[in-house]
Amino acid sequence: MSTNASHHALLPQELIRLKRDGQPLPAEEIKAFVQGIADDRISDAQIGAFTMAVFLNGMSREEVVALTTATRDSGHVMRWDALNLHGPIVDKHSTGGVGDLVSLVLGPWVAACGAFVPMISGRGLGHTGGTLDKLESIPGYAPYPAPERFSEVVKSTGVAIIGQTGNLAPADKRIYGVRDVTATVESIPLITASILGKKLASGLDALVMDVKVGSGAFMPTPEKSRELAKSIANVATQAGTPTTALLTDMSQPLAPCAGNAVEIVETLTLLRGERSNSRVMQVTRELAVEMLIAGKLAANREDALAQLEKALTSGAAAEVFARMVRELGGPADFMERSNNYLATAPVIQAVYPEQSGIVQRFDTRAVGMSVVELGGGRLRNDASIDHSVGFSDIVAIGDHVDSQRPLAIVHARSEEAAARAAAQLRAAITLGAETADADTLLQETFRGEA
Ligand code: URA
């Protein structure tokens, strides 16, 4: 294999032709093509033709690994060795959900057990909430520190949750932009390389991935979710970062709230050790166990669980969160006085069902879209959001509701917005007479094969 890939590279149209005709692509050719994307030598038309050819013909495991590492290496790749950290660099990523505040609890929790978590998070996308939007409910929280400051906070606190800045995986930015307008988003090889190209650029020792299944999931069917989980675990592991993917239930909001400030309120409750067996904590705990084992901080599951329990009940996890908030510009007394800082909506009302019944099913995507419409998410990329709005106290599958027991509390800007969201929530929840059980929360675990 040539060390100077560009020297021998095929013309872009030749590489596209190979994929169009179902021929294998050599790793060094994929690398040269992706570098050409980052350097602007490859046109949008060529990216579009390439992504459509991949969409239609798929990619071998080797090809996806090559596309992933080339995307990772298309810009700056972080290194942590110079900091002499006494613990592994680990991170988590999720395909996104509703009421999915896992990252906010998980990062501080595993950091309290000795891991270092440089977490680069996103904003809400479609019906899903974004960790960064939620954190910005905290006045002063500045999620774009300079790179040196980011490193300092990771070192001193164990975790820093920030937004993407600078030159991480620039090839993905172009590829994703083209996919979005060429009907080529829904391709497992391309999704795998896109997610991992960005994640692995933060220089991780291990990664856990939470792939959602159900009515609020990004992937359209359980089979596709499963396929993505397996692809991500194996490709990341083969690219040199041991990775485990969990398949978890998103057929109802994960936490009993959806929005920004309301999810921060719940995060604080969970970090204080209350509701430690709730569904969102069960998922968080399972991901944390995988991180501690993969990062060699725990010998096995029992050991990991014992460490996590201690970090929660001692208040260490909450203290790490408080410190991260402080270090990134938030109030020093945020944990103690969050009520003084978090915005509250002018209209807060209970949403009652039209008749009594037992909650059978959620259209979870519709709940997420309702939060977006309340102003808690964006319909346009550059729009600002209202951190105060959303739903709290959302019921769960199997709960009984009636004229005394509401479906949720809506937090809205106006009476009209509250009424519209209430109608949307009623439509998104199916009631029935029979008892109902939630889907299995933790459905499957895929440990990457090298
Ligand atoms: N998220 C990403 O970052 N990339 C994809 O392709 C899909 C979801």
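What you see is a predicted model, and the numbers here were worked out from it, not measured in a lab. Note that residues are indexed from 1 along each chain, following the sequence as it is written. At least 70 in pLDDT is required for a residue's local features to be given in this predicted model, at least 80 for side-chain atom pairs to be given and counted, and no such filter applies to totals for whole chains, interfaces and linings, which use all residues. The basis for every side-chain value is the complete set of heavy atoms in the structure, and neither hydrogens nor water enter the calculation.

Caption draft 1: Quick peek at the pattern of salt bridges. Note on definitions: salt bridges are taken to be side-chain nitrogens of Lys or Arg within 4 Å of carboxyl oxygens of Asp or Glu. Enumeration according to the criterion identifies 28 salt bridges in this entry. The network of salt bridges with common partners includes Arg123, Asp133, Glu136 and Arg378.

Caption draft 2: Representation of the sheet that holds strand β10 (residues 400-401) within the structure. What makes two strands pair is DSSP finding at least two bridges between them. Only DSSP runs of H or I reaching four residues or more are called helices, and only runs of E reaching two or more are called strands; each is numbered from the N terminus. If you walk across this open sheet you meet the three strands as β10-β8-β12, and the pairing is antiparallel. Only two strands of the sheet have a single neighbouring strand rather than two, namely β10 and β12 (429-432). As paired elements, strand β8 (residues 357-362) and β12 share four bridges and run antiparallel to each other. The residue bridging Val359 from the neighbouring strand is Leu431, located in β12. Only heavy atoms matter for contacts: two residues are in contact if any of them lie within 4.5 Å across the pair. Convention adopted: a line fitted to C-alpha atoms gives each axis, helices being fitted over their contacting stretch, and angles between N-to-C directions are expressed from 0 to 180 degrees. Relative to the sheet, helix α18 (residues 415-428) contacts β8 and β12, its axis offset from that of β12 by approximately 55°.

Caption draft 3: How the structure looks around the sheet that holds strand β1 (residues 90-94). The mixed open sheet is built from four strands, whose spatial order is β1-β4-β5-β13. This sheet does not close on itself; its edge strands, each paired only once, are β1 and β13 (442-447). Each neighbouring strand pair of the sheet contributes to a mean axis angle of 15°, computed without reference to strand direction. In this sheet, β13 lies alongside strand β5 (residues 243-249) in antiparallel orientation, the contact comprising five bridges. Counted as the bridge partner of Ala245 is Phe446 from β13. Relative to the sheet, helix α11 (residues 222-238) contacts β4 (206-213), β5 and β13, its axis offset from that of β5 by approximately 165°.

Caption draft 4: Main features of the packing of aromatic side chains. Aromatic rings from Phe, Tyr and Trp, taking only the six-membered ring of Trp, are treated as a pair when their centres fall within 6.5 Å; an angle between ring planes under 30 degrees marks them as stacked, one over 60 as edge-to-face, and anything in between as tilted. A complete count under the given rule lists three aromatic pairs for this structure. Measuring from ring centre to ring centre gives 4.7 Å for Phe33 and Phe50, while their planes differ by 45°; the resulting arrangement is tilted. Remark: Phe50 occurs in helix α4 (residues 44-57) and Phe33 occurs in helix α3 (residues 27-38); sequence separation between them is 17 residues. You'll find Phe33 and Phe50 in the same group, each marked buried. Summary of the burial criterion: residues with accessible area below 20% of their type's maximum are buried, those above 50% are exposed, and those between are partly exposed, where the area comes from a 1.4 Å probe applied to protein chains only.

Caption draft 5: Local environment of the side chain of Glu290. With respect to the element layout, Glu290 can be found in helix α13 (residues 279-294). Here Glu290 falls in the buried class, since its relative accessible area comes to 8%. Among all residues touching Glu290, those that are not within four sequence positions of it are Val208, Thr244, Leu246, Thr445 and Arg447.

Caption draft 6: Examining the site of the ligand more closely. Any residue with a heavy atom lying within 4 Å of a molecule or strand is counted as near it. In the region of the ligand, the neighbouring residues are Tyr176, Arg179, Ile191, Ser194, Ile195, Lys198 and Phe218. Whenever a nitrogen or oxygen atom comes within 3.5 Å of another N or O atom, the pair is scored as a polar contact, on the condition that within protein one atom can donate a hydrogen and the other can accept it, and that pairs from neighbouring residues in sequence are kept only if both atoms are in side chains. Arg179 places a polar side-chain atom, nitrogen or oxygen, 2.9 Å from an oxygen atom of the ligand. Residue Lys198 places a side-chain N or O atom 2.7 Å away from an oxygen atom belonging to the ligand. Contact with the protein chains covers 86% of the free accessible surface of the ligand, which is 230 Å². Of all the secondary-structure elements, those providing two or more residues to the shell around the ligand are α9 (170-180) and α10 (188-200). Counting residues per element, the shell around the ligand draws most heavily on α10, which supplies four residues. Note on areas: Shrake-Rupley with a 1.4 Å probe; residue coverage comes only from the protein chains shown.

Caption draft 7: Region of the structure containing the pairing of β5. The buried count for β5 comes to seven of seven residues, which makes it a mostly enclosed element. Every second residue of β5 is oriented toward a common face, with Thr243, Ala245, Leu247 and Asp249 on one face and Thr244, Leu246 and Thr248 on the other, all of them buried. As paired strands, β4 and β5 are joined by seven bridges and run parallel to one another. Looking at β5, one finds that Met209 is bridged to Ala245.

These figures capture arrangement, not role.
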